[in-house]
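# Summary of the model geometry
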Amino acid sequence: MSDQSTNSIAFVRTQEVPSMPPPYTAAGPIRWMRENLFATPLNGLLTLVALYFIYAILSGTLPWIANGIWDSPSLAACRDMLDGASGACFAVLTERWHQLLFGFTYPSDIYWRPTLAFVLFFFAAAPVLFFDLPRKLLVFTGLFPFIAFYLIWGGSVFTPLLALVGVLAGYFVYARYVASNFAVGFLGGIISAALVWWLGGFVIPEHEITEGAMRSVPSRDLGGFMLNMMLGVTCVSLSLPIGIALALGRQSDMPFIKYICVVFIEFVRGVPLITLLFVASVMLSYFFPPGSGVDLFIRVVIMITLFASAYIAEVIRGGLAALPKGQYEAADSLGLDYAQSMRLIILPQALKISIPGIVNVSVGLFKDTTLVSVISMFDLVGMIRGPILASTEWNGVYWELFGFAALLFFVTCYGISQYSQWLERRLATDHR
Amino acid sequence: MKKSVIFGAMTVAGLAAGAAAAGTLEDVKARGKLNCGVTTGLVGFAAPDANGEWEGFDVAVCRAVAAAVLGDGSAVEFVPTTGKTRFTALASGEIDMLARNTTWTFSRDVDLKFTFVGVNYYDGQGFMVPKELGVSSAKDLDGATVCIQTGTTTELNLADFFRANNISYEPVPIETNAEAQQQYLAGACDVYTTDASGLAATRATFEAPGDHALLPEIISKEPLGPLVRHGDDAWGDVVRWTLNALITAEELGVTSANIGEMAANTNNPEVARLLGTEGNLGEMLGLDAGWAKAAIMVGGNYGEVFAKNIGEDTPIGLSRGLNAQWTNGGLIYSPPFR
């Protein structure tokens, strides 16, 4: 082999052949379609059927939306303008948007107040939701409930101030004693807050001070999507701590606490929300003297919060049960007491596991707030079903109104869902 | 935030607990506002407009009573109620009167302990069917699916009618009139049944009203009227005679346009008594002498209220029919003001 001359080989390629483009069936969109849409005959058939359905839906809805009438005084006028053509009557949205968002009795010259509260809500929620933000922003989160109350309900500035002072007093008592004993700090905090409110009620004559008072809006005048947002935000944020407490109580070794929690959770979960709402609106008014009952909004908030907290308690109990026993023992071996071990070791892990469940309950709860329309509160759906569809001008408009409601709810719920997915990725510390 | 409101509400509850025993009339005067229960929305009878102002045939009764008692037809707090919450709202004292197209029946009057003070609209239950169904009588409806509002007398009348005629039906229960309309148009039921006034109002909003027919049978008596709680007769009298004042005003030709002139120079003694220029009817009720005048000024007499809200010139287009004055062959009749 060694004497073989180099000339015996007729041709040696010294350069690489320029690569040919792949056959057109194996590249680009055609390949993508072959692989993804028409891989097998059955696959291809399903693709065609799906395309037909998409076409059928779009060919019906797109002209309907594109033909939409945005300016008209009534449905009859809309139909005249369309003159038999298919088209939406979005004029109902342009004429009644303020009723859909704020309800029909909220004074229109102070729409800026709930709107401002809504904008501030994002600033208040941001430090809670995104914990990379500076922790000092949490001060604003703590102040937000009082600011929002003052903005939405108005009235004397001293009502939210007194509430704030009470909460602060409770917090300081809690901070002073919690180091020595959690129970003393917790109960002491609650008692001192209640004491401040009670005493404050005597010191501040509610209706006589007018400085700093804004026009007061009774709860009955709240409505529209604003009411859904308020119920949703209030009830979710209140039901989380209550749910955690119930979940821990249910695992407690103390039989009295344990059975109270078990009975509460099982009872509330065994009763439909709508029943609780009827109790709130109908039954409770028998227990108060006529015309002086607790505000309907408060009654509904209490009932929805109880309902949601029972569900959240069970979700968190699932998270607690999923933790290995070693975590509890590790906490004990470090010499932590119950409150410390829960706060530092157990709950951070259990809550992380429970995030999807909690978000699930929250989204469901937010949508359940539309049930208040059956007890004649005018939330978004109540506004549509009652006043707007019963007006002489707009009686008979359905798709446009319910489509708008669906859009608002979808945007909110999809946002919550996206946030929770981000949160799960952010908290994924187990390197799976 | 909530705690402060609970606290405030409890304080108010404690303060108000002592003051609740007085009669409704005194309560309303002290409050300066009438709490009037209305429907959450029924075309022509009660619905808020784009500015949130309530208007409608039932709303006019509320405003008339407010004007009679307080002298101001806008001093009304309208409390929207559903078919299920209306009676508890009245019984618990949340509202002073209910004007919510509610049928006067024996059991509501006697067993639920309410007092119906009169009738402001004589209605009856009818049926609406698509013309293409080819039905000309309700007796041909054997096996039909029927859209029906739950919690109303129409539900019971329907069962009675079909049982009496020995035919069967399948009910499709629904909550509100708006929902019923949509279900009916979507073909979820063959027949929609409710009060004939409601059917006419509903049909008027359809894209093609001519495709739907109202069957000739009226299967029930539905006298609709305002009601108050049992046991407060002074307040019941106020509401009853305010309604009667509107009816009598039409009979005597007193309208919101000519009322000033009528009050000043009439030689009809009943008009004078009604408008308070003669006699002391207002004092007997515990009201001003001009109570009826104020009530009529708000929205006009019964005929004007009817024409403005549900009459033939409105989209709802109801004719007077049974609700004409007795002098015109109808049933609307008020006892004399004497």
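Criteria and cut-off values
Residues numbered from 1 in each chain as written. Chains lettered and ligands numbered in written order. Predicted model: local features only at pLDDT ≥ 70, side-chain atom pairs only at ≥ 80, totals over all residues. Domains from an automatic or database assignment. Contact = placed C-beta atoms within 7 Å. Nonpolar A, V, L, I, M, F, W, Y, C, P; charged D, E, K, R; others polar. Axes fitted to C-alpha atoms, helices over the stretch in contact; angles between N-to-C directions. Helix = DSSP H or I, 4+ residues; strand = E, 2+ residues; numbered from the N terminus. Parallel < 35°, antiparallel > 145°, perpendicular 65-115°, else oblique. Left-handed = near helix turned anticlockwise from the far one by under 90°. Expected span 1.5 Å × (residues − 1). Buried ≥ 20, exposed ≤ 12 C-beta atoms within 10 Å, placed from the backbone. Pairing = 2+ DSSP bridges.

### Considerations on the domain arrangement of chain B
Residues and elements named next belong to chain B. Annotation of chain B at the domain level lists domain 1 (24-122 + 224-328) and domain 2 (125-220). Between the C-alpha centres of domain 1 and domain 2 the distance comes to 30 Å. Taken together, the contact between domain 1 and domain 2 spans 13 residues of the former and 9 residues of the latter. Counted by class, the side of domain 1 that touches domain 2 contains 7 nonpolar, 5 polar and 1 charged residues.

### A closer look at the packing of helix α9 (residues 224-250) of chain A against helix α10 (residues 255-269) of chain A
All names here are of chain A. With their axes 7 Å apart at the nearest point, α9 and α10 run at an angle of 125° to one another. Regarding the angle of α9 to α10, the classification is oblique. Between α9 and α10 lies a crossing of left-handed hand. On α10, the residues that touch L246, G249 and R250 of α9 are I257, K258, C261, V262, F264 and I265. Of the residues in the contact of α9 with α10, the class split is 6 nonpolar, 1 polar and 2 charged.

### Thoughts on the domain arrangement of chain A
One can read the domain layout of chain A as domain 1 (38-91), domain 2 (92-106 + 219-426) and domain 3 (156-213). Centre-to-centre, using C-alpha coordinates, domain 2 of chain A lies 26 Å away from domain 3 of chain A.

### Side note on helix α7 (residues 158-177) of chain A
When the terminal C-alpha atoms of α7(A) are compared, their 28 Å separation across 20 residues agrees well with the 28 Å that a helix rising 1.5 Å per residue should span. Residues of α7(A) that are buried include every one of A:F158, A:T159, A:P160, A:L162, A:A163, A:G166, A:V167, A:G170 and A:V173, and no others.

### Re the sheet that holds strand β12 (residues 212-214) of chain B
Hydrogen bonds between backbone atoms are what pair the strands of a sheet, whose relative direction is either parallel or antiparallel. All names here are of chain B. Strand order across the open sheet formed by 5 strands is β10-β9-β11-β8-β12, with mixed pairing between neighbours. Of all the strands in the sheet, just β10 (169-174) and β12 have a single pairing partner and so form its edges. Across the sheet, the axes of successive neighbouring strands diverge by a mean angle of 30°, strand direction being ignored. Here helix α6 (residues 153-164) sits on the sheet in contact with β8 (125-130), β9 (144-149), β10 and β11 (191-195), set at roughly 150° to β9. Of the strands in this sheet, β9, β10 and β11 are in contact with helix α7 (residues 177-185), which crosses β9 at around 160°.

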